[in-house]
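# Fold and geometry: a report
Chain by chain, the residues:
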Amino acid sequence: MPEEHGWTEVATLVSDRDYDLPIPVADEASEPFYAGAKEGRLMLLRCSQCGRYRLPGRGRCVDCWSEQSEWAQASGRGKLYSFGIMHQKYHPAFAEVTPYNYALVELEEGPRLITNIVDCPNEELRTDMPVEAVFDAVSEETTLIRFRPRATG
Ligand SMILES: [Zn+2]
């Protein structure tokens, strides 16, 4: 676990019950992202030419069109760019957690990540609220990155 960020923790947020929601499976493009999450790191691609960050799976920099990039650890901080509350049960596994929020978090580094906000009632979600990453170990193999409200000042 890296020491440079106080926010880093790998926790099991749903330890009081079995986690039976669908779990994403890493592919070749996202494997370093999930490997990082397992260690409490939010990993992004950084353009080797201009330094702009992008999400895994984006082959090209939108600024300079370079295909060259390296993995870099992000701060884990951002703000809630947009969100919605899901009331519809599209998948039986979600029955127990509905209504739940889905959120678009704008990271300090720029990219916007689809995630969930935890440690905050859905009624208290506000756009632009500062958030920070938390690492939710949902299985032996997989840690998901979610966000929680971040105290500022
Ligand atoms: Zn670039």
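Described in the following lines is the structure provided in the data block.

What counts as what
- Residues numbered from 1 in each chain as written.
- Predicted model: local features only at pLDDT ≥ 70, side-chain atom pairs only at ≥ 80, totals over all residues.
- Helix = DSSP H or I, 4+ residues; strand = E, 2+ residues; numbered from the N terminus.
- Contact = placed C-beta atoms within 7 Å.
- Pairing = 2+ DSSP bridges.
- Core = buried A, V, L, I, M, F, W, Y, C linked by C-beta atoms within 7 Å.
- Buried ≥ 20, exposed ≤ 12 C-beta atoms within 10 Å, placed from the backbone.

### Structural notes on the environment of M129
Turning to its location among the elements, M129 is positioned in the loop between β7 (112-115) and β8 (130-137). Distance from M129 to T152, taken between C-alpha atoms, is 9.9 Å for residues 23 residues apart in sequence. What M129 contacts, discounting residues up to four positions off in sequence, is K79, L80 and P149.

### Here's the deal with the pairing of strand β5 (residues 77-86)
In the sheet, β5 pairs with β8 via three bridges, with the strands oriented antiparallel. Each residue of the ladder has a partner; that of R77, found in β8, is E132.

### Some details on the sheet that holds strand β2 (residues 43-47)
As summarised here, the arrangement of the three strands in space is β3-β2-β4, forming an open sheet in which the pairing is antiparallel. Whereas interior strands pair on both sides, the edge strands pair on one side only; in this sheet they are β3 (53-54) and β4 (69-73).

### Re the nonpolar core
In terms of nonpolar packing, the biggest core is built from 17 residues, with V105, A133 and F147 touching the most fellow members. Put simply, the parts of the chain that give this core at least two residues each are α1 (31-38), β2, β6 (100-107), β8 and β9 (143-149). Among the elements that line this core, the one with the most residues is β8, at four residues. Each residue touching V105, except ones within four places of it in the same chain, is listed here: G78, L80, Y81, R112, L113, T115, V131 and F147.

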